[in-house]
Amino acid sequence: MDWTDGLFLLGSAVFAVTGVLAAARQDMDVMSFLIVGVVTAVGGGTLRDLILDAPVFWVEDVAYVYVAAGAALATFVFEQRFRATLRAFLYLDALATALFAILSTGKALALGAGPGVALLMGVVTGIGGGVIRDLLVGHPTLLLSRELFMTPVLVGSALHAAGIALGAAAEPLALAAIAVTAGIRAGAIRFGWSFPDWLTHQPLG
Amino acid sequence: MDWTDGLFLLGSAVFAVTGVLAAARQDMDVMSFLIVGVVTAVGGGTLRDLILDAPVFWVEDVAYVYVAAGAALATFVFEQRFRATLRAFLYLDALATALFAILSTGKALALGAGPGVALLMGVVTGIGGGVIRDLLVGHPTLLLSRELFMTPVLVGSALHAAGIALGAAAEPLALAAIAVTAGIRAGAIRFGWSFPDWLTHQPLG
Amino acid sequence: MDWTDGLFLLGSAVFAVTGVLAAARQDMDVMSFLIVGVVTAVGGGTLRDLILDAPVFWVEDVAYVYVAAGAALATFVFEQRFRATLRAFLYLDALATALFAILSTGKALALGAGPGVALLMGVVTGIGGGVIRDLLVGHPTLLLSRELFMTPVLVGSALHAAGIALGAAAEPLALAAIAVTAGIRAGAIRFGWSFPDWLTHQPLG
């Protein structure tokens, strides 16, 4: 295990925490919390691996599931304390989303996919877990919200895929793409950025 | 690229347009429209390929995604004009659904599946994209509607799978199956065909 | 076909019946019932096979789909009679769920997965079909209910996976794990068992 594995395990824990805080509903028992945490953490990467016909990452290394389950359990126990620092968790979530999305474009490229597919794998990984979670708990998905969530992932993944196609050095490029994704997402959290009205569906008069 | 590839690209564009027109909701931004269009266009075929353990078709040729995204964007920009010709798009959608479903039974048979599985792959491809789209935008799925959508696909796919099993010539059979599927679906759009009450669930008194 | 195949076909029929009884809504036509029955019966095993990159079981043997479709059709026709014996079907469902879940941990182990992944495959198989069905018909998923459904599956699958890892004899262990899963689930049906309040989410005051 090198240090990036440690980062990804931390990212899984963060996804589980924010997933449980977003999904908590009255009458959900601790088992539902575990499922919500695990699904949010590993759902997007699972879709990516199925589409690329790669071995599912947590079948290869089940530690991702254990870490997510542990983080979900901790969130159940310490919910009030975690909610008091929700904003910090949201920024960590922005960073983890960026990390996983850019890793996924890199993984797709390494498996021989073209830049278009690699970009799509970044988006699938970045938003897939949250979308599946919302479906499971009956919450409107992020498609129905004006909050910027897909866009930072798409921009960063496009930058990464295009940079590799143009021959940029892999590690600085990945760091820049992660910074761009996390930066735009953090701006959306902090300043409420969204698309202007003319890029948003208006009811037809 | 032979001429059938061109047809399938056109079909993807049609699915994206009708998907966006069906799913448009207030507060959806342009990025949500892109996702809705792409998911409607490629969702069913993706499920088919995953189930058959075939390479996902748009990973092999990402043009399907680009065409769907472009059509979704055009629908966002020209929504009022497209809505004015909604009925024409619905008939095109019937044709594209038939084309994709019958292609899918053929693909399944070519991959060695039996006629039963081939028929099911036709249904999965024909309705999968629309079902995933409805889930993503919180719209009741077609399972909850009396509109005939699955039935034309099932009938045409069954005809195709049975014909191949009985040794019919592949191309005329496929054209007939496409005509049957598109014809029943078009009749449902035009005349509001649905199952009679005795084939519909009645609340228990 | 040995006698376990017969058991699994019976289990598929039971899932289809309970699935249709749970999902029946006004205006659903007979085709929707067929889809609901088949999806409930084969959905969980399909997810398992996709995640393990194994051939999807009903692509290998489509009889599972035919049996589920036949059972769904019978439920449509004889709904009032079936509903009168709903409780008996629920106990059969508990047994079939246990059977499929423990089979799935065994299948995962046989394919080389570790005990953690095997346990998760038991849960995915045991609850996957019902969750997909609930999404398709717009019903709240079991994650939002306090009813014990995941827990019996998790306990039995954990027992099975741990037993195999510790070198227990396969057949008695599987029977014990099935009995534990079905027993806890039957207790939940009969006595309304659920997690105590302190293991259930409380609205934050």
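Remember, it's a predicted structure, so these values are computed and weren't measured experimentally.

A short note on the confidence of the model for chain A
When pLDDT is averaged along chain A, the result is 94, and 97% of the positions lie at 70 or above. On the interface metric, ipTM, the complex scores 0.94, and its pTM is 0.95.

As for helix α9 (residues 170-191) of chain A
Residues and elements named next belong to chain A. Its 22 residues place the ends of α9 31 Å apart at the C-alpha level, agreeing with the 32 Å of an ideal helix rising 1.5 Å per residue. Among the residues making up α9, those that are buried are Leu173, Ala177, Ile178, Thr181, Ala182, Arg185, Gly187, Ala188 and Ile189. Buried residues in α9 make contact with α6 (86-110) and α8 (150-165).

Points about the relation of the copies chain A and chain B
The two copies are related by a screw motion: chain A maps onto chain B through a turn of 120° and a shift of 0.0 Å along the axis, at an RMSD of 0.0 Å. Expressed as a symmetry operation, the mapping of one chain copy onto the other fits a three-fold axis. Both copies present different contact surfaces, since only 11% of the interface residues of chain A are interface residues in chain B too.

Regarding the relation of the copies chain C and chain A
One copy of the chain maps onto the second through a rotation around an axis plus a translation along that axis. Screw-axis analysis of chain C against chain A gives a translation of 0.0 Å along the axis, an RMSD of 0.0 Å, and a rotation angle of 120°. An overlap of only 11% is found between the interface residues of chain C and their copies at the interface of chain A, pointing to separate contact surfaces.

A few points about the interface of chain A and chain B
Taken together, the 27 residues of chain A in the interface contact 29 residues of chain B. Across the chain A/chain B interface, buried area totals approximately 2400 Å², and carbon plus sulfur atoms make up 74% of it. Among the residues of chain A in contact with chain B, A:Leu143, A:Leu144 and A:His201 are the three that bury the most area, contributing 28% of the side total. If you look at where chain A meets chain B, you find zero salt bridges. At the junction of chain A and chain B, the tally comes to five residue pairs in polar contact (both at pLDDT 80 or more). When residues in the side of chain A that touches chain B are grouped by element, the largest group, eight residues, is from helix α7 (residues 115-137) of chain A.

Side note on the environment of C:Gly19
Residue and element names in this part refer to chain C. With respect to the secondary-structure elements, Gly19 resides in helix α1 (residues 3-23). For the pair Gly19 and Ala72, spaced 53 residues apart in sequence, the C-alpha to C-alpha distance is 8.3 Å. Excluding residues that lie within four positions of it along the chain, Gly19 makes contacts with Val36, Thr40 and Arg133.

Description of the interface of chain C and chain A
Contacts between the two partners involve 27 residues from chain C, matched on the other side by 29 residues from chain A. Here chain C and chain A share an interface that buries about 2400 Å² over both sides, 74% of which is from carbon and sulfur atoms. A per-residue breakdown of the area chain C buries against chain A is headed by C:Leu143, C:Leu144 and C:His201, which together make up 28% of the total. There are zero salt bridges connecting chain C and chain A. Inspection of the chain C/chain A interface yields five residue pairs in polar contact (both at pLDDT 80 or more). Of all the elements, helix α7 (residues 115-137) of chain C adds the most residues to the side of chain C that touches chain A, at eight residues. Partitioned by chemical class, the residues of the side of chain C that touches chain A number 19 nonpolar, six polar and two charged.

The rules we used
- Residues numbered from 1 in each chain as written.
- Chains lettered and ligands numbered in written order.
- Predicted model: local features only at pLDDT ≥ 70, side-chain atom pairs only at ≥ 80, totals over all residues.
- Heavy atoms only, no water.
- pLDDT = per-residue confidence, 0-100.
- Helix = DSSP H or I, 4+ residues; strand = E, 2+ residues; numbered from the N terminus.
- Expected span 1.5 Å × (residues − 1).
- Buried < 20%, exposed > 50% of the residue type's maximum accessible area, 1.4 Å probe, protein only.
- Contact = heavy atoms within 4.5 Å.
- Least-squares fit on C-alpha atoms with pLDDT ≥ 70 in both.
- Buried area = accessible area lost by both parts, 1.4 Å probe.
- Salt bridge = Lys/Arg side-chain N within 4 Å of Asp/Glu carboxyl O.
- Polar contact = N/O pair within 3.5 Å; in protein donor to acceptor, adjacent residues only side chain to side chain.
- Nonpolar A, V, L, I, M, F, W, Y, C, P; charged D, E, K, R; others polar.

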